[in-house]
Amino acid sequence: MQIEAIQRQTTADLVVQRIARVIEEQNLSAGQRLPGEHDLVEQLKVSRPVLREALARLQSMGLVDIQRGRGTFVASRTSLANCVRLLRSAVTISPQELRSYAELRTAIEVQAARQAAELATEEDVAELTALLKQLDDQNLPYAEALELDFRFHRRLIDIAGNPLMQNMIEVIYEFVLTQMVRTTPSPRENKLGRRLHREIVAAIADHDANAAERAMREHMDVVLSRLKKEALA
């Protein structure tokens, strides 16, 4: 018999979840103002630094919009729906389970990168390059950045041309996005990932299958390493 370990969470994690749940359960409208900082500190019984960290994370995820001098407001409904779903997945799927899915994803994506380097057309490379350019936008809401990141990896698999790989990545879609939430808390913390993405595209453009495989393997090794550290924390 195996019993799932209790996940450790910081106070900021709990504040993020609490505010997200209130927005969802009370069906707050886009643009609706949240209570001020003083009121939130009193209601949540947390320090100002903890509250500010939580609000900054909620803003980077596209769930709220912080307007200096005016207050904190609920973001658009599209971003809200995406973020609430991602937050729910991020706190219900264990690190051990995520790591198992990440290992499956690694097998798929390393082979896909190799095949994409062999098969990609100029149009395919141009599309991958355009996706990376969009991902470089530091003002991109967090949920949109995650979706774009997934689209980049999904496009690689499409180029590889294996229908089974395409079906499998769709089956584990939510797990992939949850891995991204766990290993990249905000787009600003994904400099390494962006570099590796560029190396993958450069290798594909050069039709260098070995280089594409190496870059993708390094990328997935980073994901697996971060998930392993979280599981041991």
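Rules used in this analysis
Residues numbered from 1 in each chain as written. Predicted model: local features only at pLDDT ≥ 70, side-chain atom pairs only at ≥ 80, totals over all residues. Heavy atoms only, no water. Core = buried A, V, L, I, M, F, W, Y, C linked by side-chain atoms within 4.5 Å. Buried < 20%, exposed > 50% of the residue type's maximum accessible area, 1.4 Å probe, protein only. Helix = DSSP H or I, 4+ residues; strand = E, 2+ residues; numbered from the N terminus. Contact = heavy atoms within 4.5 Å. Salt bridge = Lys/Arg side-chain N within 4 Å of Asp/Glu carboxyl O. 1 Å grid on protein atoms, 1.4 Å probe; cavity = no way out; pocket = protein on both sides within 12 Å on 5 of 7 lines; lining within 4 Å. Points joined across faces, edges and corners; volume = space filled by probe spheres on them. Nonpolar A, V, L, I, M, F, W, Y, C, P; charged D, E, K, R; others polar. Expected span 1.5 Å × (residues − 1). Arc of directions from axis to C-beta. Axes fitted to C-alpha atoms, helices over the stretch in contact; angles between N-to-C directions. Left-handed = near helix turned anticlockwise from the far one by under 90°.

Identification of the protein as Putative L-lactate dehydrogenase operon regulatory protein from Stieleria varia is taken from an unreviewed UniProt entry.

Participant: Would you mind showing me how to read the nonpolar core here?
Facilitator: One broad trend across soluble globular proteins is that nonpolar side chains are buried collectively. Counting 45 residues, the largest nonpolar core has Leu128, Phe152, Leu156, Ile204 and Met216 as the members making the most contacts within it. Those elements that place two or more of their residues in this core are helix H5 (95-119), helix H6 (122-135), helix H7 (142-160), helix H8 (163-171), helix H9 (173-183), helix H10 (191-205) and helix H11 (209-232). When residues in this core are grouped by element, the largest group, 10 residues, is from H7. With near-sequence residues (within four places) excluded, phenylalanine 152 lies in contact with Leu128, Leu131, Leu132, His197 and Val201.

Participant: Would you take a moment to explain the pattern of salt bridges for this structure?
Facilitator: The full count for this structure, using the stated rule, is 14 salt bridges. For glutamate 37, the salt bridge is made with arginine 52, and the minimal N-O distance between the two is 2.8 Å. Residue glutamate 37 is found in helix H2 (residues 37-44), and its partner arginine 52 is found in helix H3 (residues 48-60); the two are separated by 15 residues along the sequence. Judged by its relative accessible area of 26%, glutamate 37 falls in the partly exposed class. Judged by relative accessible area, which is 47%, arginine 52 ranks as partly exposed. Where arginine 114 meets glutamate 213, a salt bridge forms, and the shortest distance between an N and an O atom there is 2.8 Å. Here the residue arginine 114 occupies a position in helix H5, and glutamate 213 occupies one in helix H11, the gap between them amounting to 99 residues.

Participant: Looking at this structure, I do not really get empty space enclosed by the protein. What am I missing?
Facilitator: Unfilled space is identified by rolling a water-sized probe across the atoms. Applying the stated criterion across every chain yields a total of 2 cavities of 30 Å³ or more. Along the walls of the largest cavity sit 24 residues, with Asp149, Met180, Thr184, Asn190 and His197 positioned nearest its centre. Grouping the constituent residues of the lining of the largest cavity by class yields 10 nonpolar, 9 polar and 5 charged. Approximately 40 Å³ is the volume found for the second largest cavity. In terms of lining, the second largest cavity is formed by Leu132, Leu135, Asp136, Arg194, His197 and Arg198. With 3 residues, the single largest contributor to the lining of the second largest cavity is H10. Here the lining of the second largest cavity is built from residues that sort into 2 nonpolar, 1 polar and 3 charged.

Participant: Can you help me understand the environment of isoleucine 159 in this one?
Facilitator: Tracing the backbone shows isoleucine 159 in helix H7. With relative accessibility at 8%, the residue isoleucine 159 sits in the buried group. Along the chain, isoleucine 159 and aspartate 124 lie 35 residues apart, while their C-alpha atoms are 7.2 Å from each other. Not counting residues within four places of it along the chain, the set of residues in contact with isoleucine 159 comprises Ala116, Leu119, Ala120, Asp124 and Leu128.

Participant: Quick question: what am I supposed to make of H6 here?
Facilitator: Each full turn of the α-helix corresponds to 3.6 residues, which orients residues three or four apart in the same direction. Here H6 is 14 residues long and its end C-alpha atoms lie 20 Å apart, about the 20 Å a rise of 1.5 Å per residue gives. Three or more residues of H6 are buried, namely Asp124, Val125, Leu128, Leu131, Leu132 and Leu135. Seen along its axis, H6 keeps its buried residues to an arc of 120°; they face one direction. Exposed positions of H6 whose direction lies more than 90 degrees from the buried face are Glu122, Glu123 and Lys133. Residues of H6 that are buried make contact with H5, H7 and H10.

Participant: I would appreciate a short explanation of the packing of H5 against H9 in the present structure.
Facilitator: Packed helix pairs are specified by the crossing angle of their axes together with the interaxial distance, meaning the distance between the axes. Running from N to C, H5 and H9 point in directions that differ by 115°, and their axes come no closer than 10 Å. Here the hand of the crossing between H5 and H9 comes out left-handed. Here Pro95, Glu97, Leu98, Tyr101, Ala102 and Arg105 of H5 come into contact with H9, specifically with Phe175, Val176, Thr178, Gln179, Met180 and Arg182. The residue inventory of the contact of H5 with H9, partitioned by class, reads 7 nonpolar, 2 polar and 3 charged.

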